[in-house]
Amino acid sequence: MKGEVTANPGVLRTLSLMAAAVFFLLSIGHGDAQAVRKSVKIIKIDGSSTVYPITEALAEEFQVREHGNVLVTIDISGTGGGFMKFCRGETDISNASRPIKLGEVAECRRHNVEYIEIPVAYDGIAVTVNPLNHRVKSLSVEDLKKIWGPEAQGSVTKWSRIRKGWPDRKIHLYGPAPDSGTYDYFTRAIVGEQGSSRSDYTSSENYNLLARRVAADKYALSFFGLFYYINNKDKLKLVAIDDGDPSNGKGAVYPTIETVNNGTYQPLSRPIFIYVSRKAASRQDIRDFVEYYIKNAGKVSIGAGYIPLSAEFYRLAMKRFEQRKTGSVFGGEGAREGVSMSDLMRME
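All residue numbers here refer to positions counted from 1 along the written sequence of the relevant chain. At least 70 in pLDDT is required for a residue's local features to be given in this predicted model, at least 80 for side-chain atom pairs to be given and counted, and no such filter applies to totals for whole chains, interfaces and linings, which use all residues. The side-chain figures draw on all heavy atoms in the structure; neither hydrogens nor water molecules are used.

## A few points about the sheet that holds strand β6 (residues 138–140)
Item 1. Here, any two strands with at least 2 DSSP bridges between them count as paired. Elements are defined by DSSP. Helices are runs of H or I of four residues or more, strands are runs of E of two residues or more, and each kind is numbered from the N terminus. On the basis of which strands lie adjacent, the open sheet formed by three strands has the order β6-β11-β12 and mixed pairing. Of all strands in the sheet, those with a lone pairing partner are β6 and β12 (252–253), marking the two edges.
Item 2. Bridging between β6 and strand β11 (residues 240–242) involves three bridges; their strand directions are parallel. Following the sheet pairing, Leu139 is matched in β11 by Ile241.

## With respect to the nonpolar core
Item 1. Think of a nonpolar core as a cluster: buried Ala, Val, Leu, Ile, Met, Phe, Trp, Tyr and Cys residues, connected wherever their side-chain atoms sit within 4.5 Å. Working definition: with a 1.4 Å probe on protein chains only, accessible area under 20% of the residue-type maximum means buried, over 50% means exposed, and in between means partly exposed. Formed by 85 residues in total, the largest nonpolar core has its most connected members in Ile118, Val127, Leu139, Leu221, Leu268 and Val276.
Item 2. With residues near it in sequence (within four places) discarded, Leu221 still touches Val127, Thr128, Val129, Leu139, Ile147, Trp148, Trp159, Ile171, His172, Leu173, Tyr174 and Val214.
Item 3. Grouped together as the second largest cluster of nonpolar side chains are twelve residues, Ala96, Ile100, Phe273 and Tyr275 included. The contact rule is simple, with two residues in contact once any of their heavy atoms fall within 4.5 Å.

## Describing the packing of aromatic side chains
Item 1. Two rings belonging to Phe, Tyr or Trp (six-membered ring only in the last case) form a pair when the distance between their centres is within 6.5 Å. Interplanar angles under 30 degrees mark stacking, angles over 60 mark edge-to-face geometry, and anything in between is tilted. Tallying each qualifying case throughout the model produces 15 aromatic pairs.
Item 2. Relative to Tyr275, the ring of Phe273 lies with its centre 6.1 Å away and its plane at 45°, an arrangement referred to as tilted.
Item 3. The exposure class of Phe273 is buried, given its relative accessible area of 0%.
Item 4. Residue Tyr275 is classed as buried on the basis of its relative accessible area of 0%.
Item 5. On the numbers, 5.9 Å between centres and 90° between planes, the contact of Phe289 with Tyr293 is edge-to-face. Of this pair, Phe289 and Tyr293 both sit in helix α11 (residues 284–304), separated by four residues, roughly a single helical turn. Residue Phe289 shares its accessibility class with Tyr293, and that shared class is buried.
Item 6. For the cation-ring pair, Arg270 lies above Tyr185, with the distance from its terminal atom to the ring centre recorded as 5.9 Å.
Item 7. When the NZ atom of lysine or the CZ atom of arginine is within 6 Å of a ring's centre and also within 35 degrees of its normal, the charge is said to sit over that ring. The lysine or arginine in question, Arg324, covers the ring of Phe321, its NZ or CZ lying 4.6 Å from the ring centre.

## Things to note about the layout of surface pockets
The method is simple in principle: a probe with the dimensions of a water molecule rolls over the atoms, and the space it marks as empty is what remains.
Item 1. The calculated volume of the second largest pocket comes to roughly 230 Å³.
Item 2. For cavity detection a 1 Å grid was placed over the protein atoms alone, and a set of points counts as a cavity when a 1.4 Å probe fits there but cannot get out; an open set counts as a pocket when protein lies on both sides within 12 Å along at least five of seven lines, with lining residues being those that have an atom within 4 Å of a point. Lining the second largest pocket, in full, are Phe86, Gly89, Thr91, Asp92, His111, Asn112, Val113, Glu114, Ser277, Arg278, Lys279 and Ala280. Grid points are joined across faces, edges and corners, and a volume is the space filled by probe spheres set on the points.

## Thoughts on the confidence of the model for the protein chain
Item 1. pLDDT is a residue-level measure of predictor confidence that goes from 0 to 100. On average, residues of the protein chain carry a pLDDT of 86, and 82% of them reach 70 or more.
Item 2. Per-residue pLDDT, averaged within each element of the protein chain, yields its smallest value for helix α1 (residues 9–26) (51) and its largest for strand β4 (residues 93–96) (98).

## Some points on helix α7 (residues 181–191)
Because each turn of an α-helix spans 3.6 residues, side chains separated by three or four positions in sequence point in the same direction.
Item 1. Burial within α7 is extensive, with ten of its eleven residues counted as buried.
Item 2. Buried within α7 are the following residues: Gly181, Thr182, Tyr183, Asp184, Tyr185, Phe186, Thr187, Ala189, Ile190 and Val191.
Item 3. Where α7 is buried, its residues touch α4 (78–87), β5 (115–129), α6 (141–148), α8 (207–215), β9 (220–225) and β13 (269–277).
Item 4. Residue Ser180 occupies the N-cap position of α7, its side-chain oxygen lying 3.0 Å from the main-chain nitrogen of Thr182.
Item 5. Gly192 occupies a position one or two residues after α7 and carries a positive phi of about 100°. Between N or O atoms, a polar contact is any pair within 3.5 Å; within protein, one atom must be a potential hydrogen donor and the other a potential acceptor, and residues adjacent in sequence are included only when both atoms are from side chains.

Structure representation (structure tokens):
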């Protein structure tokens, strides 16, 4: 699989915050600086690119409005990479665009890490092409499976192999890396097996970079969280998806806040999460941050292009956190397609 070394926005944000902190410490007296250093609390977060924009916005609000002595550092290792660090006790909170998997459950158990699972919003996975690709307006789930399935490698290499009359030009595929929860969910929903796909595509955890690559390549195709399409919609063309279910009578549907919210955009709609270490939640600064997160996730989700959960669900999420209710309602299955907000309510 082709990978790309790119600037990680999480790392850049952390470095800028640390630089600001160093500048502040240098600008005050030695004795005062020592006192400030001792008083600063660091909350460590890693994980999903998809959840990052929500967590980043809430972290900045929390630090500015609520707690000037708290530094929230956020990195992006993908959902799988984030869980790896979280289950070793290296982070306090893990951003996840899918539920935790059995192997990760076992890893957390091995290191005595208990976790509180908190759904924070709903998201759609957008499939995009270049605006100059005039032929491709919609794709069915079967089309996507034909393109992305492992058997497509070395076989399905041109657009003309997907539908008659489409360009006899090579498909240039870009997508999330295998550590990504978006990759896990997409492969489960489209290919039928989580983590199973062709490997001859260019991967990156930086979804803004994927969007830029599609914008510069007439015959490109990629998928990533709806937020990243919304942020680049003047450069990209959104593809409608037909789930092949004649009973819903909808045909091909574009992902929008409305269609993800009402469940008509299937099967590429999914809940997204944060996982909080039960041990870390014994700290007052982390309790304050998580409570702030739950109280404000709905408002921030709307502004960032995600779909907020219901007020009742956020109330239940707060109750789950206050009671330190550990474990996953998904039973360690990882990505599961077709989970609606009402399903989440019933699970709770």
